[in-house]
Amino acid sequence: MPGMHRRRVKLRPQRVLQLAAAALFNGYALGFGTGRIFTGPSKGICVPVLNCYSCPGALGACPIGSLQSALGGANRHFPFYILGTLMLFGVLLGRGVCGLLCPFGLVQDLIHKIPLPKWTVPQKLDRPARLLKYGVLVGMVLLAPLLATGMAALPAFCKYLCPAGTLEGGLPLLATNPSLRQAAGALFGWKLLLLLLILAACVFIHRPFCKYLCPLGALYGLFNRFSFLQLRLNPEKCTGCNQCQRSCPMGVAVTAHPHSAECIRCGTCKAACPSGALSLRAMAAKAPQQKQPGGQAK
């Protein structure tokens with residue numbers, strides 16, 4: 001209508017990367033219609049994110065599922081290739097993989113935009129709860145396949161916990177395969193309930209799965225301090241307004257701990273900073289020397 005202007009929707013670079021990564025990792029669109037899993041040569045390649053092998057659109061393999069299969073398989077070989085892939089992306093991006101590339105991270109981000117009241121988990125509960133993901137990494141991903149035998153050696157995280165597998169693999173396959181729907185039992189009921197609880201929590205708490213349960217996030221977080229992608233603070237520009245911390249989806253004290261293992265390098269704090277004191281850059285790119293309050297260069 002005359003005199004009316006259409007509102008342009010401008011996507012942040014983070015959202016563009018998330019959408020592009022989701023499309024790339026799940027590019028076999030035909031699979032969603034046929035209910036058949038892609039089995040081409042690329043399925044032997046690990047993607048760097050939590051992306052279920054059983055997703056009908058998946059073009060690659062999930063590193064967590066592959067790691068468990070290698071440790072708990074009949075041959076029980078050491079997964080040099082899988083660990084090498086995880087270390088490569090850890091060194092390059094650190095936990096930026098979670099904030100920029102993970103499809104399930106994108107799902108959590110979008111659900112959190114539902115306009116309902118948001119919750120802040122008290123620190124006395126939040127801090128110990130964040131250790132759970134390290135327990136999942138060590139207990140379910142590493143030790144369970146090594147110590148268990150027979151059917152119990154099947155990937156424990158994928159079988160009992162992973163909500164991404166239920167969302168990306170279980171639900172699409174059941175929707176297109178009547179025989180699978182008939183065979184679904186109590187285990188799938190448990191996985192579906194867990195998925196619904198996590199998605200419901202996403203409405204009120206930003207990225208609860210990433211904060212408390214994701215073993216891949218736990219692993220990548222170990223690389224944050226020395227990964228090439230770093231969050232940098234210019235103290236001369238910082239006004240101490242704490243807008244960065246209030247906007248952070250992971251609850252990081254940005255100015256005090258820019259290298260925190262919880263930082264997913266999503267750039268939300270950078271976008272929220274009114275003075276432009278924050279930047280995401282490669283570690284090799286040296287920032288100009290900053291002066292401390294005493295006048296000495298940092």
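Going by the structure above, here's the rest.
Computed from a predicted model, the values in this text were never measured in an experiment.

### Quick word on the state of the cysteines
- Tallied over the full model, the rule gives 0 disulfides.
- Distance from the sulfur of Cys202, which forms no disulfide, to the nearest cysteine sulfur (Cys210) is 8.0 Å.

### Some points on the environment of Pro274
- Counting through the fold element by element, Pro274 comes out in the loop between helix H16 (268-272) and strand E2 (278-282).
- The exposed category is assigned to Pro274, whose relative accessible area is 63%.
- Along the chain, Pro274 and Lys237 lie 37 residues apart, while their C-alpha atoms are 9.6 Å from each other.

### Comments concerning the packing of helix H1 (residues 13-25) against helix H6 (residues 103-112)
- Put simply, H1 and H6 touch, their axes get as near as 9 Å, and they point 130° apart. Between H1 and H6, the angle falls in the class oblique. Relative to H6, the crossing made by H1 is left-handed. Between H1, through Gln14, Arg15, Gln18, Leu19, Ala22 and Phe25, and H6, the contact on the second element is made entirely by Pro103, Gly105, Leu106, Asp109 and Leu110.
- Counted by class, the contact of H1 with H6 contains 6 nonpolar, 3 polar and 2 charged residues.

### Section: the nonpolar core
- If you look at the biggest cluster of nonpolar residues, it comprises 54 residues, and the most contacted ones within it are Leu50, Phe104, Phe157 and Val254.
- Sorting elements by how many residues they give to this core places helix H12 (residues 186-204) first, with 6 residues.
- In contact with Phe157, not counting residues within four places along its chain, are Leu50, Ile64, Gln68, Val136, Met140, Val141, Cys162, Phe209, Leu213 and Pro215.

### Description of helix H4 (residues 80-93)
- An ideal rise of 1.5 Å per residue puts 20 Å on 14 residues; H4 measures up with 20 Å between its terminal C-alpha atoms.
- Residues of H4 that are buried: Ile82, Thr85, Leu86 and Gly90. Considered in projection along H4, the buried side chains sweep an arc of 130° and stay on one side of the axis.
- The secondary structure elements touched by the buried residues of H4 are helix H3 (63-72) and helix H14 (215-221).
- Remark: Gly94 follows H4 within two positions and exhibits a positive phi of approximately 60°.

### Some remarks on the packing of H3 against helix H8 (residues 132-147)
- Contact pair H3 / H8: the axes reach a minimum separation of 8 Å and the direction vectors enclose 20°. Looking at the two axes, H3 sits roughly parallel to H8. The two elements H3 and H8 cross, and the hand of that crossing is right-handed. Between H3 and H8, the contacting residues are Ile64, Leu67, Gln68, Leu71 and Gly72 on the first element and Met140, Val141, Leu142, Pro145 and Leu146 on the second.
- Residue composition of the contact of H3 with H8, grouped by class: 8 nonpolar, 2 polar and no charged.

### Describing unusual backbone geometry
- The phi torsion at Asn242 lies on the positive side, around 65°, for a residue other than glycine.
- Along the chain, Asn242 turns up in the loop between strand E1 (229-233) and helix H15 (243-247).
- Although it is not a glycine, Arg265 adopts a positive phi angle of roughly 55°.
- Secondary-structure assignment places Arg265 in the loop between H15 and H16.
- We classify Arg265 as buried; its relative accessible area is 1%.

### Topic: the pattern of salt bridges
- This structure, assessed with the given rule, holds 6 salt bridges.
- When the shortest N-O distance is used, the salt bridge between Glu262 and Arg130 registers 3.0 Å. Placement of Glu262 in the loop between H15 and H16 and of Arg130 in the loop between helix H7 (123-129) and H8 is noted, with a sequence separation of 132 residues between them. Of the two residues, Glu262 and Arg130, both sit in the buried class.
- A salt bridge links Glu262 to Lys133; the nearest nitrogen and oxygen atoms lie 2.9 Å apart. Of this pair, Glu262 sits in the loop between H15 and H16 while Lys133 sits in helix H8, and the two are 129 residues apart along the sequence.

### Details of the side chain of Lys133
- A relative accessible area of 0% means that Lys133 is categorised as buried.
- If we ignore the near neighbours within four places in the chain, the residues touching Lys133 are Arg95, Cys210, Lys211, Tyr212, Leu213, Cys214, Pro215, Ala218 and Glu262.

The rules behind each value
- Residues numbered from 1 in each chain as written.
- Predicted model: local features only at pLDDT ≥ 70, side-chain atom pairs only at ≥ 80, totals over all residues.
- Heavy atoms only, no water.
- Disulfide = S-S within 2.5 Å.
- Helix = DSSP H or I, 4+ residues; strand = E, 2+ residues; numbered from the N terminus.
- Buried < 20%, exposed > 50% of the residue type's maximum accessible area, 1.4 Å probe, protein only.
- Axes fitted to C-alpha atoms, helices over the stretch in contact; angles between N-to-C directions.
- Parallel < 35°, antiparallel > 145°, perpendicular 65-115°, else oblique.
- Left-handed = near helix turned anticlockwise from the far one by under 90°.
- Contact = heavy atoms within 4.5 Å.
- Nonpolar A, V, L, I, M, F, W, Y, C, P; charged D, E, K, R; others polar.
- Core = buried A, V, L, I, M, F, W, Y, C linked by side-chain atoms within 4.5 Å.
- Expected span 1.5 Å × (residues − 1).
- Arc of directions from axis to C-beta.
- Salt bridge = Lys/Arg side-chain N within 4 Å of Asp/Glu carboxyl O.

Read these as layout, nothing more, since geometry by itself doesn't imply function.
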